[in-house]
Amino acid sequence: MKVYVMTSDRYLDALRPFAYLFNHYWSPDQPVVVCGFTPPSFSLPDNFSFLSLGDFADYPINRWSDAWIKLLSLIPDDPAIFMLDDYWLIRPVYKEAVKMLYDYCKQFRYVARMDLTGDRLHAGGAALYDKCGHLELVWSDPDSQYHMSTMAGIWNPHNLKRVLIPGETPWQVELQGTPRLRLLRQEMIVLGSKEWPVRHTLAFRGGDNQKLLLDEIDPADVAEMTRLELLAPWGVTP
C-alpha cells in the first residue's frame, strides 16, 4: 500500500511539517512517495522517497491535472492513497481501517475513490452502503458537491484516468471533475466510511502558501515543530 503526496516547487517547505506529523500519527514504516518536480534541498525521513515528474516550469497551476495524469502513467493500476502536501495529520490514523478499506478497493474495482476523511460522510445525500468487516461504508451521491474531492482517499488509478483531463487547476479538478465523474455513475462509485480513519487539516487555503493555518493542530505538535524549526519558513520560530 503506497501513499503518494503531490507537491510543487512552491510548496516544498510544507513537506517537513507534513512528514513530521505523518510519521507521528501514521507510521514511520508506511512508504510515502512525494511526487513533485525539483527535489527538496533538505532530507526527508527514511520512509519517504521523491519522484520527479519533470520540470516545474512545464506544469503551471492551470496544468496541475497534467502532473497527476503523468504520475498515473508511472505507477501500477493498483489502488493507491493520494494526498496533497498541506494535508497535515492531526489525529492518530486508524491504520486497521485504512488497510481494510484498501483491501475492499482491491476487491471491488468499480470503487473509483474511497474517502478516508469525513468528506463524503458529511456530504449531502450520503447513505449507508455496505459493511467492510466492522466498518460501515457510506455511498456518495453523484449529485452531491465535491463528489470528485481530492481530500485524502484511496483511488483506483484506472478509474481516475477516465475522469481527469489535462489543463485544470486543483480546484477545477474538484468542481469540473464532479460532473464528469457523475456521468459514470453506472460504472463506478465513490464511498467513505463512518469511522473517518484519517483526520487532517488544510495547512493553507485557496493556494496561498504564505498563510499558514495552525488552529486545528494540537498545540503540543505546534510547539514541537516550532522547536525543530519546521515552521520557520512562515515566521514561526522558538
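The structure this text deals with has already been given above.
Bear in mind the structure is a predicted one, so any value in this text is a computation, not a measurement.

**Q** What am I meant to see in the nonpolar core here?
**A** In globular proteins that are soluble, nonpolar side chains generally tend to be buried together. Grouped together as the largest cluster of nonpolar side chains are 79 residues, with contacts concentrated most on Phe22, Trp26, Trp68, Leu71, Phe82, Met83 and Trp88. Among the elements that take part in this core, helix H3 (residues 95-107) stands out by supplying seven residues, more than any other. The residues contacting Met83, other than those within four sequence positions of it, are Val3, Tyr4, Val5, Met6, Phe18, Phe22, Trp26, Leu89 and Ala152.

**Q** Help me understand the pattern of salt bridges, please; the structure alone is not making it clear to me.
**A** If the charged atoms of two oppositely charged side chains come close together, the side chains can form a pair. Counted according to the given criterion, the structure contains 12 salt bridges. Residue Asp77 is joined to Lys161 by a salt bridge in which the shortest nitrogen-to-oxygen separation is 3.2 Å. Residue Asp77 is located in the loop between helix H2 (64-74) and strand E4 (80-84), and its partner Lys161 is located in helix H4 (residues 157-163); the two are separated by 84 residues in the primary sequence. Notably, a salt bridge pairs Glu136 with Lys194, separated by 3.7 Å at the nearest N-O pair. A residue pair is termed long-range when its members are at least 10 positions apart, and Glu136 in strand E8 (residues 135-139) and Lys194 in the loop between strand E10 (189-193) and strand E11 (200-202) qualify at 58 residues. Residue classification places Glu136 among the partly exposed residues on the basis of a relative accessible area of 25%. For Lys194, a relative accessible area of 44% gives the class partly exposed.

**Q** Sorry, what's going on with the packing of aromatic side chains here?
**A** The description of two aromatic rings rests on the distance between their centres and on the angle between their planes. Across all of its chains, the model carries 16 aromatic pairs by this definition. Between Tyr11 and Phe204 the ring centres are 5.6 Å apart and the planes differ by 65°, which places this aromatic pair in the edge-to-face class. Placement of Tyr11 in the loop between strand E1 (3-6) and helix H1 (15-25) and of Phe204 in the loop between E11 and helix H6 (219-227) is noted, with a sequence separation of 193 residues between them. A single burial state applies to Tyr11 and to Phe204, both of which are buried. Judged by centre distance (5.5 Å) and plane angle (70°), the ring pair of Trp68 and Phe82 falls under edge-to-face. Residue Trp68 is located in helix H2, and its partner Phe82 is located in strand E4; the two are separated by 14 residues in the primary sequence. Residue class for Trp68 comes out buried when judged on its relative accessible area of 2%.

Calculation notes
Residues numbered from 1 in each chain as written. Predicted model: local features only at pLDDT ≥ 70, side-chain atom pairs only at ≥ 80, totals over all residues. Heavy atoms only, no water. Core = buried A, V, L, I, M, F, W, Y, C linked by side-chain atoms within 4.5 Å. Buried < 20%, exposed > 50% of the residue type's maximum accessible area, 1.4 Å probe, protein only. Helix = DSSP H or I, 4+ residues; strand = E, 2+ residues; numbered from the N terminus. Contact = heavy atoms within 4.5 Å. Salt bridge = Lys/Arg side-chain N within 4 Å of Asp/Glu carboxyl O. Phe/Tyr/Trp six-rings, centres within 6.5 Å; stacked < 30°, edge-to-face > 60°.

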